[in-house]
Amino acid sequence: MTNNDIFKKLRVAHKLRDDDIVKILELVDFRISKSELNAMFRNEEHPKYMECGDQVLRNFLNGLIIHLRGPMPKKGEKKKEEKKKD
């Protein structure tokens, strides 16, 4: 299974549009154009097909975590919340 296959399956599973994927990648300061994104979702035989590299998939997964869970709390913030509960 290629990175493109994984990327496509995640896109369908989470019902993401191109705009959503661009915003998710921006959460981790990774910029990609819609045309580059569409090239990754094309058929392998298409002349403008582009392979999805490890860096793109890694940044997408990291951005997806932030998109779904929210940003990680800072180390000091977590301790403050625990002190309030006590």
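Bear in mind that the values here come from a model prediction, so they are computed numbers and not experimental data.

Definitions and cut-offs
- Per-chain numbering applies: the sequence of each chain, read as written, is numbered from 1 onward.
- It should be noted that, the model being predicted, local features are given only for residues of pLDDT at least 70 and side-chain atom pairs only at 80 or more, the latter also being counted only at that level, while totals for whole chains, interfaces and linings use all residues.
- The side-chain figures draw on all heavy atoms in the structure; neither hydrogens nor water molecules are used.
- Helix and strand labels come from DSSP, where a helix needs a run of H or I of at least four residues and a strand needs a run of E of at least two; each type is numbered from the N terminus.
- When accessible area is computed with a 1.4 Å probe and restricted to protein chains, residues below 20% of their type maximum are described as buried, those above 50% as exposed, and intermediate ones as partly exposed.
- By the convention used here, residues are in contact when the closest approach between their heavy atoms is within 4.5 Å.
- Here the Shrake-Rupley method, with its probe set to 1.4 Å, supplies the accessible areas, and only the displayed protein chains count as covering residues.
- Lines fitted to the C-alpha atoms define the axes, with helices restricted to the stretch that makes contact. Angles between their N-to-C directions range from 0 to 180 degrees.
- Here the word oblique covers every angle except those under 35 degrees (roughly parallel), over 145 (roughly antiparallel) and from 65 to 115 (roughly perpendicular).
- Charged means Asp, Glu, Lys or Arg here, nonpolar means Ala, Val, Leu, Ile, Met, Phe, Trp, Tyr, Cys or Pro, and polar covers whatever is left, Gly included.
- Any carboxyl oxygen of Asp or Glu that lies within 4 Å of a side-chain nitrogen of Lys or Arg is treated as forming a salt bridge with it.
- For a helix, the expected span equals 1.5 Å multiplied by the residue count minus one.
- An arc is given here, and it is the one of the directions from the helix axis to the C-beta atoms.

Describe the overall build of the protein, listing the residues and the values that go with them.
Check the secondary structure of the protein and you find five helices and zero strands. Listing the helices and strands of the protein from first to last along the sequence gives α-α-α-α-α. Counting all 86 residues of the protein, 26% fall into the buried class. A fraction of 61% describes how many contacts in the protein between residues 6 or more apart in sequence connect residues 24 or more apart. Of the roughly 6,800 Å² of accessible surface on the protein, a fraction of 50% belongs to carbon and sulfur atoms.

Summarise the packing of helix α2 (residues 18-26) against helix α4 (residues 54-69); cite the residues concerned and give the values.
Think of two packed helices as two axes; the pair is described by the angle between the axes and how far apart they sit. Following both chains from N to C, one finds α2 and α4 inclined at 90 degrees, their axes separated by 7 Å at the closest point. Regarding the angle of α2 to α4, the classification is roughly perpendicular. Residue-level contacts link I21, I24 and L25 of α2 to V56, N59, F60, G63, L64 and H67 of α4. Split by residue class, the contact of α2 with α4 holds six nonpolar, three polar and no charged.

Can you explain the pattern of salt bridges? Please cite residues and give values.
Summed over all chains, the structure comprises three salt bridges. Among the ionic pairs, R11 bridges to D18, the shortest N-O distance being 2.9 Å. Under the relative-accessibility criterion, D18 is labelled buried at 16%. Notably, a salt bridge pairs K34 with D19, separated by 2.4 Å at the nearest N-O pair. With K34 in helix α3 (residues 34-40) and D19 in helix α2, the pair connects residues that are 15 residues apart, well separated along the chain.

Which residues make up α4, and what are the values?
Three or four residues apart is the spacing at which side chains of an α-helix point the same way, because the helix has 3.6 residues per turn. Taking 1.5 Å as the rise per residue, α4 with 16 residues should run 22 Å; its terminal C-alpha atoms sit 22 Å apart, in good agreement. The set of residues buried in α4 consists of V56, L57, N59, F60, G63 and L64. Angularly, the buried residues of α4 cover 160 degrees about the axis, an arc narrow enough to put them on a single face. Turned more than 90 degrees off the buried face of α4, the exposed positions are D54 and R69. Of the surrounding secondary structure, the elements contacted by the buried residues of α4 are α1 (3-13), α2 and α3. Looking at the residues trailing α4, positive phi occurs at G70, about 100 degrees.

Note that all results are geometric; they support no functional claim without further evidence.
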